[in-house]
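# Chain and residue survey
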Amino acid sequence: MAQRKPLRRLIQNGTARPIMTEARDGRLGEMEKWISICDAIAGEQSPSDASHDISHCRRVWRLSQAIMARDAIEADLLVLMAAAYFHDIRNYPKNSSLRELASTHSADRAVELLSCHGFPPEKTAKLHHAIAAHSFSAGIPPTSNEARIVQDADRIEALGAIGLARAFAVGSTLGANLFDPDDPLAESRSLNDRRFTLDHFQTKLFHLPDKMNTRAGREIAERRVLVLRDFVSNLMNELHLADVDSAA
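A brief look at the structure comes next. (Residues numbered from 1 in each chain as written. Predicted model: local features only at pLDDT ≥ 70, side-chain atom pairs only at ≥ 80, totals over all residues. Heavy atoms only, no water.)

## A few points about unusual backbone geometry
Positive phi, normally seen in glycine, also occurs at A72, with a value near 50 degrees. The exposed category is assigned to A72, whose relative accessible area is 64%. With phi around 60 degrees, L241 is a residue other than glycine that occupies positive phi space. With respect to the element layout, L241 can be found in the loop between helix 10 (215-239) and helix 11 (242-247). Accessibility expressed as a relative area gives 47% for L241, which makes it partly exposed. (Buried < 20%, exposed > 50% of the residue type's maximum accessible area, 1.4 Å probe, protein only. Helix = DSSP H or I, 4+ residues; strand = E, 2+ residues; numbered from the N terminus.)

## Brief notes about the packing of helix 2 (residues 30-45) against helix 4 (residues 77-86)
Remark: helix 2 packs on helix 4, axes separated minimally by 9 Å, with the N-to-C direction vectors making an angle of 15 degrees. One element, helix 2, and the other, helix 4, form an angle in the roughly parallel class. For the crossing formed where helix 2 meets helix 4, the hand is right-handed. In this structure, helix 2 contributes M31, W34, I35, C38, D39, I41 and A42 to the contact, and helix 4 contributes L77, L78, M81, A82, Y85 and F86. For the contact of helix 2 with helix 4, the residue count by class is 12 nonpolar, no polar and 1 charged. (Axes fitted to C-alpha atoms, helices over the stretch in contact; angles between N-to-C directions. Parallel < 35°, antiparallel > 145°, perpendicular 65-115°, else oblique. Left-handed = near helix turned anticlockwise from the far one by under 90°. Contact = heavy atoms within 4.5 Å. Nonpolar A, V, L, I, M, F, W, Y, C, P; charged D, E, K, R; others polar.)

## Some thoughts on the environment of M236
Relative to the assigned elements, M236 resides in helix 10. Taking C-alpha positions, M236 is 8.9 Å from L185, a pair spaced 51 residues apart along the chain. Dropping the residues within four chain positions of it, M236 is found in contact with P184 and L185.

## A short note on helix 6 (residues 124-132)
Because the α-helix completes a turn every 3.6 residues, residues three or four places apart line up on one side. Restricting attention to buried positions, one finds in helix 6 the residues T124, L127, H129, A130, I131 and A132. Where helix 6 is buried, its residues meet helix 4, helix 5 (102-115) and helix 7 (145-156).

## Details of the nonpolar core
In this structure, M81, Y85, F86, L114 and F201 are the most contacted members of the largest nonpolar core, which totals 60 residues. Among the secondary structure elements, those contributing two or more residues to this core are helix 2, helix 3 (54-70), helix 4, helix 5, helix 6, helix 7, helix 8 (160-173) and helix 10. Top contributing element to this core by residue count: helix 4, with 9 residues. When residues no more than four places from it in sequence are discounted, the contact partners of L114 are W34, I37, C38, I41, A82, F86, F119 and L127. (Core = buried A, V, L, I, M, F, W, Y, C linked by side-chain atoms within 4.5 Å.)

## Let's talk about the pattern of salt bridges
Summed over the entire model, instances satisfying the criterion amount to 10 salt bridges. Salt-bridge contacts for R59 lead to E157; the nearest nitrogen and oxygen are separated by 2.9 Å. Pair noted here: R59 is in helix 3 and E157 is in the loop between helix 7 and helix 8, with a separation of 98 residues, a long-range link. According to the relative accessible area criterion, R59 is partly exposed, its value standing at 23%. For E157, a relative accessible area of 1% translates into the label buried. (Salt bridge = Lys/Arg side-chain N within 4 Å of Asp/Glu carboxyl O.)

What follows is the structure in structure tokens.
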């Protein structure tokens, strides 16, 4: 009974509604049990920064379910869910020399933690790959449906209104400026997203829709990237006081 409260919260915010089932004898279903375990562990172990916290993990899980359902992709739900929750369990700053190893270290830690709770050993290799391959920095090609879905879901999180907020949150932790006040769009200089967060839109974010593995992921990404493009357009209007002129 102690597990029911967090599960009820998850169901209310839509995190797991598509697959929640209750066993006839009143016990929690297997997926409910594992969602409760993963949510609790990830909540304790996930990074505290606003862009990679437990809320991000829950959104990646929800997006993963949506992609799987929309494209009717066959995937192991338990592996998919655990990978979504643990993909950032080890997260290093983008300017760290360990950055390329973050996803592999996350995969190692996820297997270690979940094995202690009886995670099916025959599924650990699939779980490890789904986590290790999600990272842009690692450059590991996803070879399973679970890995392809989680990678798409995580990349979608870098787009849209949520992605906009996350981008500037990450930039802040790196000590980056919002943009170059003299050349915001890098028209006369080289892009440098370590110095200017806005440069990251051109170096990476605008290109993500073309890197999606699934049809649903690409469609969602194409819609969400428009939010970023609109932001850049509005930003330039404000910098040039175009909105002031039009208001007058």
